[in-house]
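Descriptive analysis of the structure
Spelled out, the chains give:
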Amino acid sequence: MKVLIINGSPRIGGNTSIAVDEIAKTLREEGIEPEVVQIGNQNIRGCIACGTCGEKGKCVFDDAVNELAPKFEEADGLIVASPVYYASANATLIACLDRLFYSTSFDKSMKVGASVVVCRRGGASATFDELNKYFTIANMPIASSQYWNSVHGSAKGEALKDEEGLQTMRVLARNTAFLVKSIALGRQQYGLPQKEQHVWTNFIQD
């Protein structure tokens, strides 16, 4: 079983990496294989709503998003981690997730999702909510922890002093592992929930 972890920070070995490393270590202890991909330092542009992905099955911009797509499809869960910039997630991460979720047509139902935010002081809850919206539109159950999934630190390495934050990461990893394993067992015994054909309703009607 695998969990893909996307690190949205541009800083190698920064505080977001400390949070991600704590999660990855705990997932391994739980028998889950984590794969960490850092994209915050890459040149990833936003979606232009061209619709080409619907024809080609991949995004027209051939960058890290298309490299992440098969990893996401193979994974049993997805964890996204972001530093907090101006009370929101790193713009590079948002551009990546917009295109990753929109351009991929594979079924994401029952893949476990979780978001992690790292900040100096404020903006953690707003960023946490922002990232969770990607999961709730894709039939993905969200893994929780004993507190909102945040770690605090400003200067490089300060996150190591946030003992509660690091504990929250470990609990999150264990809960993610439990959900991944439980969903796998449920899929074998009961199958996935029944699906309906999607009904598209616009707010403005002719």
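Note: the structure precedes this text.
How each quantity is defined
- Residues take numbers from 1 onward in each chain, read along the sequence in its written order.
- Note on the predicted model: pLDDT of at least 70 is required for a residue's local features to be given, and 80 or more for side-chain atom pairs to be given and counted; whole-chain, interface and lining totals, by contrast, use all residues.
- To get the side-chain values, take all heavy atoms of the structure and skip hydrogens and water.
- The secondary structure listing takes helices from DSSP runs of H or I that are at least 4 residues long and strands from runs of E that are at least 2 residues long, numbered from the N terminus.
- Both definitions apply: the radius of gyration is a C-alpha atom measure, and the globule rule equals 2.2 Å times residues to the power 0.38.
- With a 1.4 Å probe rolled over the protein chains alone, any residue whose accessible area is under 20% of its type maximum counts as buried; one over 50% counts as exposed, and the rest are partly exposed.
- Areas reported here follow the Shrake-Rupley algorithm with a probe of radius 1.4 Å; residue values treat only the protein chains shown as occluding.
- Counted as positive: Lys and Arg. Counted as negative: Asp and Glu. His and the chain ends are not counted at all.
- The atoms used to mark charge sites are NZ of Lys, CZ of Arg, CG of Asp and CD of Glu.
- Any residue with an atom within 4 Å of a point lines the site, the site being either a cavity, points on a 1 Å grid over the protein atoms alone where a 1.4 Å probe fits but cannot get out, or a pocket, an open set with protein on both sides within 12 Å along at least 5 of 7 lines.
- Grid points are joined across faces, edges and corners, and a volume is the space filled by probe spheres set on the points.
- When residues are sorted by character, Ala, Val, Leu, Ile, Met, Phe, Trp, Tyr, Cys and Pro go into the nonpolar class, Asp, Glu, Lys and Arg into the charged class, and all the rest, Gly among them, into the polar class.
- Nonpolar cores are built from buried Ala, Val, Leu, Ile, Met, Phe, Trp, Tyr and Cys residues. Side-chain atoms within 4.5 Å join them into one set.
- What makes two residues a contact is simply this: any of their non-hydrogen atoms within 4.5 Å.
- Note on ring pairs: Phe, Tyr and Trp rings are taken, using the six-membered ring of Trp, and paired if centres are within 6.5 Å. Classes follow the plane angle, with under 30 degrees stacked, over 60 edge-to-face and the rest tilted.
- In this scheme, Lys NZ or Arg CZ marks a charge over a ring once it lies within 6 Å of the ring centre and within 35 degrees of the ring normal.
- The salt bridge criterion pairs a side-chain nitrogen of Lys or Arg with a carboxyl oxygen of Asp or Glu, the two atoms within 4 Å.
- By the criterion applied in these results, polar contacts are pairs of N or O atoms within 3.5 Å in which, for protein atoms, one can donate a hydrogen and the other can accept it, and in which residues neighboring in sequence qualify only through two side-chain atoms.

Turning our attention to the overall build of the protein chain. In terms of regular secondary structure, the protein chain is built from six helices and six strands. Ordered by position in the sequence, the α and β elements of the protein chain form the string β-α-β-α-α-β-β-α-β-α-β-α. Relative to the compact-globule value of 17 Å for 206 residues, the protein chain shows a C-alpha radius of gyration of 17 Å, a close match. In the protein chain, buried positions account for 48% of the 206 residues. Carbon and sulfur atoms make up 50% of the accessible area of the protein chain, which amounts to about 11,500 Å² in all. For the protein chain, the distance from the average site of its 21 positive side-chain charges to the average site of its 23 negative ones is 3 Å.

The next point concerns the layout of surface pockets. The calculated volume of the largest pocket comes to roughly 620 Å³. Around the largest pocket sit 18 residues that line it, and K108, I137, A138, H198 and W200 are the ones nearest its centre. What the second largest pocket holds in volume is close to 270 Å³. Mapped by element, the contributors of at least two residues to the lining of the second largest pocket are α1 (15-29), β3 (77-85) and β5 (112-119). Counted by class, the lining of the second largest pocket contains five nonpolar, seven polar and four charged residues.

Okay, the nonpolar core next. Buried together is how nonpolar side chains tend to be arranged in soluble globular proteins. With 32 residues, the main nonpolar core has I6, I39, L78, L97 and F101 as its most contacted residues. Looking at this core, the elements that each hand over two or more residues are β1 (2-7), α3 (64-74), β3, α4 (91-103), β5 and α5 (124-136). Looking at this core element by element, the count peaks at seven residues for α4. Leave out the neighbours within four places in its chain, and I6 touches V37, I39, L68, L78, I79, V80, A81, L93, L97 and L100.

By the definition in use, this model includes four aromatic pairs. Judged by centre distance (5.3 Å) and plane angle (85°), the rings of F72 and F106 are edge-to-face. With F72 in helix α3 and F106 in the loop between α4 and β5, this residue pair connects regions lying 34 residues apart in the sequence. Each member of the pair F72 and F106 is classed as buried. Relative to W148, the ring of Y147 has its centre 5.1 Å away and its plane inclined at 65°; by these criteria the two rings are edge-to-face. By the ring-pair criterion, three or more aromatic residues cluster together here, those being F72, F101, F106 and Y134. In this arrangement the basic side chain of K108 is found over the ring face of F106, its NZ or CZ atom lying 4.5 Å from the centre.

This part takes up the pattern of salt bridges. Pairing of side chains with opposite charge becomes possible as their charged atoms draw close. Counting across every chain of the model gives six salt bridges. Here E22 makes a salt bridge to K25, at a shortest N to O gap of 3.6 Å. In this pair, E22 and K25 are both assigned in helix α1, three residues apart and thus about one turn of the helix distant. A relative accessible area of 40% places K25 in the partly exposed class. Classification of E22 by relative accessible area gives buried; the value is 13%. Here the residues in one salt-bridge network are E22, K25 and R170, joined through shared partners.

Moving on, we get to the environment of K161. Here K161 lies in the loop between β6 (150-152) and α6 (163-190). Between the alpha carbons of K161 and E55 there is a distance of 49 Å; along the sequence they are 106 residues apart.

Summed over all chains, the structure comprises one cavity of 30 Å³ or more. Taken together, 13 residues line the largest cavity, and the ones lying closest to its centre are C47, A49, C50, C53 and C59. Looking at the lining of the largest cavity, the elements that each hand over two or more residues are α2 (52-56) and α4. With three residues, α4 is the single largest residue contributor to the lining of the largest cavity. Split into classes, the residues belonging to the lining of the largest cavity amount to nine nonpolar, three polar and one charged.

So, about α3. Of the residues making up α3, those classed as buried are A64, V65, N66, L68, A69 and F72. Buried residues along α3 sit in contact with β1, β2 (33-38), β3 and α4. Taking the backbone nitrogen of V65 as reference, a side-chain oxygen 3.1 Å away marks D63 as the first, capping residue of α3.

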